[in-house]
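# A look at the structure
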Amino acid sequence: MSQRDDNNNENSGDANPDNTCPCGSGAAYRKCCGLFHGGATPATPEQLMRSRYSAFALGMADYLKQTWHPSTKPSLQLDDNPQWLKLEVLESWQRGKKGFVHFRAFYKVGDELGMLAEKSDFVFENDRWYYVKGDY
Ligand SMILES: [Zn+2]
């Protein structure tokens, strides 16, 4: 998306806590990713991945920065954030202090649907998981 439009406003922040969580777990937002956005620490890479997807869906740039490993953290702006429609976690696993999540995320830009498939790397440091990078 090359220009700003109203989509970004629709996405930004005012989630109804009783709505179904954007991550697709089927649980209410307040019992799912809302907990992590409110300060709880995700216990697994998959929980972190889901909460980051939800943060993208809700336009929560601060949460994305907090959970991004300092070595790879971009100067994040969500001006071009598409409308995120659905997350499918295909596989997730941990090996020691490394975690991996293979997922597909579906989005919409204008009238066009798109899909992102990624294998994300996570690392456990300072008693919490961080997102490091994704391989497409
Ligand atoms: Zn969730």
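Our subject in this report is the structure included herewith. (Residues numbered from 1 in each chain as written. Predicted model: local features only at pLDDT ≥ 70, side-chain atom pairs only at ≥ 80, totals over all residues.)

This part covers the environment of Cys23. With respect to the helices and strands, Cys23 occurs in the loop between helix H1 (7-11) and helix H2 (33-37). In this structure Cys23 comes out as buried when scored by C-beta crowding, with 26 C-beta atoms within 10 Å. In this structure the C-alpha to C-alpha distance between Cys23 and Met49, which are 26 residues apart in sequence, comes to 9.0 Å. Not counting chain neighbours up to four residues away, the residues in contact with Cys23 comprise Cys32, Cys33, Arg50, Tyr53, Ser54 and Leu87. (Helix = DSSP H or I, 4+ residues; strand = E, 2+ residues; numbered from the N terminus. Buried ≥ 20, exposed ≤ 12 C-beta atoms within 10 Å, placed from the backbone. Contact = placed C-beta atoms within 7 Å.)

Quick look at the sheet that holds strand S4 (residues 128-135) now. If you trace the four strands from one edge of the open sheet to the other, you get S1-S2-S3-S4, paired in antiparallel fashion. Strand pairing shows two members of the sheet lacking a second neighbour, strand S1 (83-95) and S4, which therefore form its edges. Direction aside, the axes of adjacent strands within the sheet are offset by 25 degrees on average. The pairing of strand S2 (residues 98-109) with strand S3 (residues 112-125) spans twelve bridges and is antiparallel. Paired with Lys108 across the two strands is Leu113, which belongs to S3. Across the face of the sheet, helix H3 (residues 45-58) comes into contact with S1, S2, S3 and S4 while running at roughly 165 degrees to S1. (Pairing = 2+ DSSP bridges. Axes fitted to C-alpha atoms, helices over the stretch in contact; angles between N-to-C directions.)

Any functional reading would require information beyond the geometric quantities listed.
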